[in-house]
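Structural overview for review
Each chain is listed here by its residues.
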Amino acid sequence: MNKEEIINKINVFLVEEFELEADQLKPEALLKSDLGIDSLDFVDIIVIIERTFGFKVKGEEMANVKTLQDFYDYVITRVNANA
Amino acid sequence: MNRVVITGLGIYSCIGRNLDEVKDSLYHGRSGIGFMKERKDLGFRSALSGILEKPNLKGILDRRLRVGLAEQGEYAYLSTLEALKNARIDNDYLQNHEAGIIFGNDSSSAAVIESTDIVREKKDTMLLGSGYIFQAMNSTVSMNLSVIFKLRGVNFTVSAACASGSHAIGLGYVFIKNGMQDMVVCGGAQEVNPFSMGSFDALSAFSVRESDPQKASRPFDKNRDGLVPSGGAATVILESYESAVKRGAPILGEVIGYGFSSNGEHISQSNIDGLHRAMQMSLKDANLKPEDIGYINAHATSTIHGDISEAIAIADVFGHHRPPVSSTKSMTGHECWMAGASEIVYSTLMMQNSFIAPNINFGEPDEYSEKLNIVKQTANQDFNVFLSNSFGFGGTNSSIIVKKIL
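Residues numbered from 1 in each chain as written. Chains lettered and ligands numbered in written order. Predicted model: local features only at pLDDT ≥ 70, side-chain atom pairs only at ≥ 80, totals over all residues.

Regarding the overall build of chain A
Applied cut-off: Strands here mean DSSP runs of E at least two residues long; helices mean DSSP runs of H or I at least four residues long; both are numbered from the N terminus. Using C-alpha atoms as the atom set, the radius of gyration is obtained and then compared with a globule rule of 2.2 Å times the number of residues to the power 0.38. Neighbour counting defines burial: a residue surrounded by 20 or more other C-beta atoms within 10 Å of its own C-beta is buried, one with 12 or fewer is exposed, and intermediate counts give partly exposed, using backbone-placed C-beta atoms. Any pair of residues counts as being in contact when their C-beta atoms, constructed from backbone geometry, are within 7 Å of one another.
Counting its secondary structure elements, chain A contains three helices and zero strands. Listing every helix and strand of chain A by position from the N terminus yields α-α-α. A compact globule built from 83 residues should have a C-alpha radius of gyration of about 12 Å, and chain A, at 12 Å, falls within 12% of that. Dimensions along the principal axes, computed over C-alpha positions, put chain A at roughly 30 × 25 × 20 Å. Out of the 83 residues in chain A, the part that is buried amounts to 19%. For chain A, the proportion of contacts with a sequence separation of at least 24, taken over those separated by at least 6, is 60%.

What follows is the structure, encoded as structure tokens:
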């Protein structure tokens with residue numbers, strides 16, 4: 001899976017599952033304050049990532065994920081590590 | 001002591017998704033019972049159930065507020081939305097006043113079972129997501145609705161088996177009567193997914209008249225063969241008379257009596273003394289005599305033992321006065337945790353609209369029900385006071401009396 005495909009899949013679940021608007025999904029957007037994703041939403045994101053990308057997130061790995069770009073980068077790194 | 005009035009009603013049941021549809025079904029004696037093939041596939045002895053349309057709340061409630069709602073919570077959200085609307089209560093009011101919530105609910109099986117299945121399969125609790133914990137607890141309805149509607153007063157769930165909804169209203173009444181709350185959102189909710197009913201089906205308490213589902217629930221009828229499980233949600237907004245008048249709210253009735261008792265005997269079989277004491281206590285609380293009751297909404301579920309006990313207890317308490325009696329479970333099936341609240345909604349609708357809904361499928365009385373004045377056909381008649389009975393496993397009994405404000 002290349003970077004674009006991963007980013008596209010992330011954007012799709014943010015729109016479909018988290019009901020965000022596509023134009024909110026700017027790489028610099030802060031997940032908490034700009035996109036309104038709270039600590040409980042992160043619990044659901046772990047489930048969706050497992051379903052979508054096939055790997056299990058460890059809670060502490062998400063500690064430094066602040067922006068949407070951080071999130072893309074984290075998933076890309078993990079997907080490539082598993083490849 | 002404060003007077004306690006009903007200023008809002010809401011309902012989502014197998015005989016209608018709102019008050020208008022339900023009123024119409026009650027008047028026309030329409031059954032909401034059907035056959036659920038899924039139950040048969042799972043090995044149920046009886047696949048009969050109240051049939052409900054699953055609500056789609058996407059676009060109505062945002063995701064964070066939806067994910068913690070179990071099936072019965074979705075029904076309760078809709079019934080509460082309707083009740084608040086017709087009580088003329090808006091978000092501003094709730095943010096500036098201390099309204100409470102007391103709901104009856106005694107299971108949330110689907111969430112418990114589904115989440116356990118995931119843990120067993122995945123062996124990783126991090127793959128459960130955030131919703132199951134808030135769906136799986138018995139307090140799921142009150143905990144979610146208090147957040148959704150921003151309620152800031154008393155907040156808890158009553159788990160008292162099939163009397164849960166009735167006790168919830170009884171306790172809301174006590175809180176307001178004592179001056180501890182001005183408004184309490186009361187109600188009851190009941191899931192209908194197959195997981196919620198398997199263990200109950202195991203008791204062989206359900207009717208197996210699967211060839212004719214709408215004839216299966218036949219409370220007080222000599223040829224009944226068991227109850228039909230059902231569900232949904234009902235909401236009753238209780239408020240102090242003073243608060244209701246101050247707001248200019250519609251007053252739909254006044255709760256004037258609450259009686260309760262415990263049988264202290266068998267876990268699943270009712271007894272006459274306990275039912276008798278609950279009704280007597282509600283009459284005493286209301287300062288009424290048996291002849292003052294214009295209609296009894298019976299608990300009668302269509303089980304042989306339960307119906308007989310209630311018929312004897314009603315005959316004992318009301319004697320020769322013989323007020324009209326019907327069990328709306330003949331149409332709705334047994335709405336279990338919700339029933340005590342929904343039956344206050346059904347009876348108040350009847351009282352407002354001057355009719356008594358029939359006890360459908362009442363073909364032939366037995367030696368006990370023949371002593372009661374059971375309403376077989378819709379009766380177009382006024383009544384000013386009704387008593388609603390609810391009884392549950394463990395021998396918990398509740399009777400509520402509501403009167404019309406004249």
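Let's talk about the overall build of chain B
Counting secondary structure elements, chain B contains 15 helices and 13 strands. Its C-alpha atoms give chain B a radius of gyration of 20 Å, within 12% of the compact-globule value 22 Å for 406 residues. Principal axes of the C-alpha set define a box for chain B whose edges measure 65 × 55 × 40 Å. Of all 406 residues assigned to chain B, the portion counted as buried reaches 58%.

Describing the pairing of strand 4 (residues 99–104) of chain B
Working note: regular strand, side chains alternate between the two faces of the sheet. Residue and element names in this part refer to chain B. Put simply, the rule is: Whether two strands pair depends on DSSP finding at least two bridges between them.
Most of strand 4 sits inside the fold, with six of its six residues counted as buried. Neither face of strand 4 is open: one carries Ala 99, Ile 101 and Phe 103, the other Gly 100, Ile 102 and Gly 104, and all of them are buried. Relative to strand 5 (residues 155–158), strand 4 runs parallel, the two being bridged by four bridges. What sits directly across from Ile 101, in strand 5, is Asn 155.

Notes on the packing of helix 12 (residues 272–286) of chain B against helix 13 (residues 304–318) of chain B
All names here are of chain B. The test is simple: To obtain each axis, a line is fitted to C-alpha atoms, and for helices this fit is confined to the stretch in contact; angles are then taken between N-to-C directions over 0 to 180 degrees. Throughout, the term roughly parallel applies to angles under 35 degrees, roughly antiparallel to angles over 145, roughly perpendicular to angles from 65 to 115, and oblique to all others. The hand of a helix crossing depends on one turn: near helix anticlockwise from the far one by less than a right angle means left-handed, and clockwise means right-handed. Only Asp, Glu, Lys and Arg are considered charged in this grouping, and only Ala, Val, Leu, Ile, Met, Phe, Trp, Tyr, Cys and Pro are considered nonpolar; every other residue, Gly among them, is considered polar.
Viewed as axis vectors pointing N to C, helix 12 and helix 13 meet at an angle of 45°, and their least axial separation amounts to 9 Å. Judged on the interaxial angle alone, helix 13 and helix 12 are oblique. Viewed along their axes, helix 12 and helix 13 form a crossing whose handedness is right-handed. For the pair helix 12 and helix 13, contact is made by Ile 272, Leu 275, His 276, Met 279 and Gln 280 and by Ser 309, Glu 310, Ile 312, Ala 313, Asp 316 and Val 317, respectively. Of the residues in the contact of helix 12 with helix 13, the class split is six nonpolar, three polar and two charged.

A few points about the environment of Phe 386 of chain B
All names here are of chain B. Tracing the sequence through the fold places Phe 386 in strand 12 (residues 385–392). C-alpha separation for the pair Phe 386 and Ile 400, spaced 14 residues apart in sequence, amounts to 8.3 Å. Ignoring sequence-local partners within four residues, the contact set of Phe 386 consists of Ile 293, Gly 294, Tyr 295, Ile 296, Asn 297, Ser 347, Met 351 and Val 402.

With respect to unusual backbone geometry
Residue and element names in this part refer to chain B. The phi angle at Arg 88 is positive, at roughly 60°, despite the residue not being glycine. Tracing the sequence through the fold places Arg 88 in the loop between helix 4 (71–86) and helix 5 (91–96). Given 15 C-beta atoms within 10 Å, Arg 88 falls into the partly exposed group.

Comments concerning helix 8 (residues 140–148) of chain B
Residues and elements named next belong to chain B. Counting buried positions along helix 8 yields seven of nine residues, so the element is predominantly enclosed. Listed as buried for helix 8 are Thr 140, Val 141, Ser 142, Met 143, Asn 144, Leu 145 and Ser 146. In this fold, the buried residues of helix 8 make contact with helix 4, strand 4, helix 7 (131–136), strand 5 and strand 6 (183–190). Downstream of helix 8 by one or two residues, Lys 150 has phi in the positive range, about 55°.

Remarks on the nonpolar core
Residues and elements named next belong to chain B. We apply this condition: A set of buried Ala, Val, Leu, Ile, Met, Phe, Trp, Tyr and Cys residues, joined to one another through C-beta atoms within 7 Å, is what we call a nonpolar core. Domains are outlined according to an automatic or database domain assignment.
Formed by 107 residues in total, the largest nonpolar core has its most connected members in Val 184, Val 236 and Leu 238. Considering every element that reaches this core, the biggest residue donor is helix 15 (residues 339–353), with eight residues. Counting only domains with at least three residues in this core, you end up with domain 1 (4–247) and domain 2 (260–403). With residues near it in sequence (within four places) discarded, Val 184 still touches Ala 99, Gly 100, Ile 101, Ile 102, Gly 153, Val 154, Gly 172, Phe 175, Ile 176 and Leu 238.

Points about the sheet that holds strand 12 of chain B
All names here are of chain B. Strand order in the open sheet formed by eleven strands is 5-4-6-7-1-8-13-12-9-10-11, with mixed pairing between adjacent strands. Each edge of the sheet is formed by a strand with only one pairing partner; in this case those strands are strand 5 and strand 11 (373–374). Here strand 1 (residues 4–13) runs beside strand 7 (residues 232–240); their pairing, made up of nine bridges, is antiparallel. Residue pairing across strands places Ser 13 opposite Gly 232, the latter belonging to strand 7. Packed on one face of the sheet, helix 8 meets strand 4, strand 5 and strand 6 and runs near 155° to strand 4. Of the strands in this sheet, strand 8 (253–262), strand 12 and strand 13 (396–403) touch helix 12, which is tilted by about 145° from strand 8.

Observations regarding the environment of Gly 34 of chain B
Residues and elements named next belong to chain B. Here Gly 34 is to be found in strand 2 (residues 33–35). Along the primary structure Gly 34 and Leu 48 are separated by 14 residues, whereas in three dimensions their C-alpha atoms are 5.7 Å apart. Residues contacting Gly 34, with those up to four places away along its chain left out, are Ser 49, Ile 51 and Pro 213.

Quick notes on the packing of helix 4 of chain B against helix 8 of chain B
Residue and element names in this part refer to chain B. Put simply, helix 4 and helix 8 touch, their axes get as near as 10 Å, and they point 45° apart. The angle between the axes of helix 4 and helix 8 places the two elements in the oblique class. In the crossing of helix 4 with helix 8, the sense of the turn from one axis to the other is right-handed. Of the residues in helix 8, those touching helix 4 at Gln 72, Gly 73, Ala 76, Tyr 77 and Thr 80 are Thr 140, Val 141, Asn 144, Leu 145 and Ile 148. Looking at side-chain class alone, the contact of helix 4 with helix 8 contains five nonpolar, five polar and no charged residues.

Comments concerning the domain arrangement of chain B
All names here are of chain B. Each assigned domain of chain B is listed here: domain 1 (4–247) and domain 2 (260–403). Using only C-alpha atoms to locate each centre, domain 1 and domain 2 end up separated by 21 Å. Counting residues at the interface gives 60 residues for domain 1 and 58 residues for domain 2. Going through the elements one at a time, strand 1, helix 1 (19–28), strand 3 (48–50), helix 9 (164–177), strand 6 and strand 7 are the ones with two or more residues in the side of domain 1 that touches domain 2. Residue contributions to the side of domain 1 that touches domain 2 peak at seven residues, all from helix 9. Across the side of domain 1 that touches domain 2, the residue classes tally to 28 nonpolar, 24 polar and eight charged.

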